[in-house]
Amino acid sequence: YPPVPYYLTAIFSWLPEQSLLGCTPLGVSISTARILSGITTYYWCRELTRSASALGLALLYMVLPYHFLIDLYIRFSFAEFWSFAWMPLILYCSRRVNHGDRWAITALALSLALLIGTHLPTFLIFMPILLGYCLLAVTTTSRLIAFTRNGLGILLGVGLAAIYWLPAMTTQEYVSM
């Protein structure tokens, strides 16, 4: 299993247990993931529309049936649930890269590394969306410059997360499915 969701949950291990099950850090982590997914969606959508509309879209994103019901309550896919926080952040950073913000390439790399370290299959499914967004959401710079800058952020992010994905991909024969 990818490490990032569990590292983030460990941050809350200092909280006192509120039940016999000992699930307080896990519950706080789930709540944090849900709230963070709304915040990142709000910032990304605010780049595209008015603040009120962005808030409505962020709230909708937080309660989408797959995200809210299936991932959390039916499957309890904890890592995949956390990945919903990083995808809007990645799109926000990609948009900032297209606008020429210097910090945005680093932020794109970090957010991609978080997604890879959270849920590798989601990263693989999300990559075509990100590449299409890099090409289609260009407004102020040329497509080649924007795609090159985004490509640099993507390569840096994949490189940052190599400490996780490289062993995960090269040791598959030792995993019993």
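Coordinates for the structure precede this section.
Residues numbered from 1 in each chain as written. Predicted model: local features only at pLDDT ≥ 70, side-chain atom pairs only at ≥ 80, totals over all residues. Heavy atoms only, no water.

Turning our eyes to something else, we now look at the overall build of the chain. Secondary structure summary: the chain contains nine helices and zero strands in total. Each helix and strand of the chain, placed in order from N terminus to C terminus, yields the pattern α-α-α-α-α-α-α-α-α. For the chain, the C-alpha radius of gyration of 17 Å lies close to 16 Å, the compact-globule estimate for 177 residues. In terms of its C-alpha atoms, the chain occupies a principal-axis envelope of roughly 55 × 45 × 30 Å. Within the chain, the proportion of its 177 residues that are buried is 44%. Across the chain, every contact between residues at least 6 apart in sequence was considered, and the portion connecting residues at least 24 apart equals 66%. Per element, the accessible surface of the chain, about 9900 Å² overall, is 73% carbon and sulfur. Here the chain holds 9 positive side-chain charges and 6 negative ones, and the gap between their average locations is 16 Å. (Helix = DSSP H or I, 4+ residues; strand = E, 2+ residues; numbered from the N terminus. Rg over C-alpha atoms; globule rule 2.2 N^0.38 Å. Buried < 20%, exposed > 50% of the residue type's maximum accessible area, 1.4 Å probe, protein only. Contact = heavy atoms within 4.5 Å. Areas by Shrake-Rupley, 256 points an atom, 1.4 Å probe, with all protein chains shown as cover. Lys, Arg positive; Asp, Glu negative; His and termini not counted. Charge placed at Lys NZ, Arg CZ, Asp CG, Glu CD.)

With that settled, the discussion passes to helix α7 (residues 120-136). Here α7 contains 17 residues, and its C-alpha end-to-end distance of 24 Å stays within 8% of the 24 Å for a straight helix at 1.5 Å per residue. Largest kink in α7: about 40 degrees, centred on F126, with the proline P128 one to four residues after it. Burial in α7 covers these residues: L120, T122, F123, F126, M127, L130, Y133 and C134. The elements touched by buried residues of α7 are α2 (24-46), α5 (78-98), α6 (102-118), α8 (143-160) and α9 (162-170). (Expected span 1.5 Å × (residues − 1). Bend = angle between axes of the 7 residues up to and from the residue.)

Turning our eyes to something else, we now look at the nonpolar core. Counting residues in each nonpolar core, the largest one holds 39 residues, and the members touching the most others are I90, L112, L115, F123, F126 and L130. Elements represented by at least two residues in this core include exactly α2, α3 (51-62), α5, α6, α7 and α9. Per element, the largest residue contribution to this core is twelve residues, and it comes from α5. Dropping the residues within four chain positions of it, L130 is found in contact with I90, L91, S94, L112 and I154. (Core = buried A, V, L, I, M, F, W, Y, C linked by side-chain atoms within 4.5 Å.)

One pass over the structure, following the stated rule, counts five salt bridges. Note that R95 is salt-bridged to E47, the shortest N-O span being 3.7 Å. Note that R95 is positioned in helix α5 and E47 in the loop between α2 and α3, a separation of 48 residues in sequence. In this structure R95 comes out as buried when scored by relative accessible area, which is 10%. The class for E47 is partly exposed, based on a relative accessible area of 22%. (Salt bridge = Lys/Arg side-chain N within 4 Å of Asp/Glu carboxyl O.)

On to the environment of I105. Inspection of the secondary structure assignment puts I105 in helix α6. A residue is classified by how much of its surface remains accessible, and I105, at 18% relative accessible area, is buried. Not counting chain neighbours up to four residues away, the residues in contact with I105 comprise V97, R149, L152, G153 and L156.

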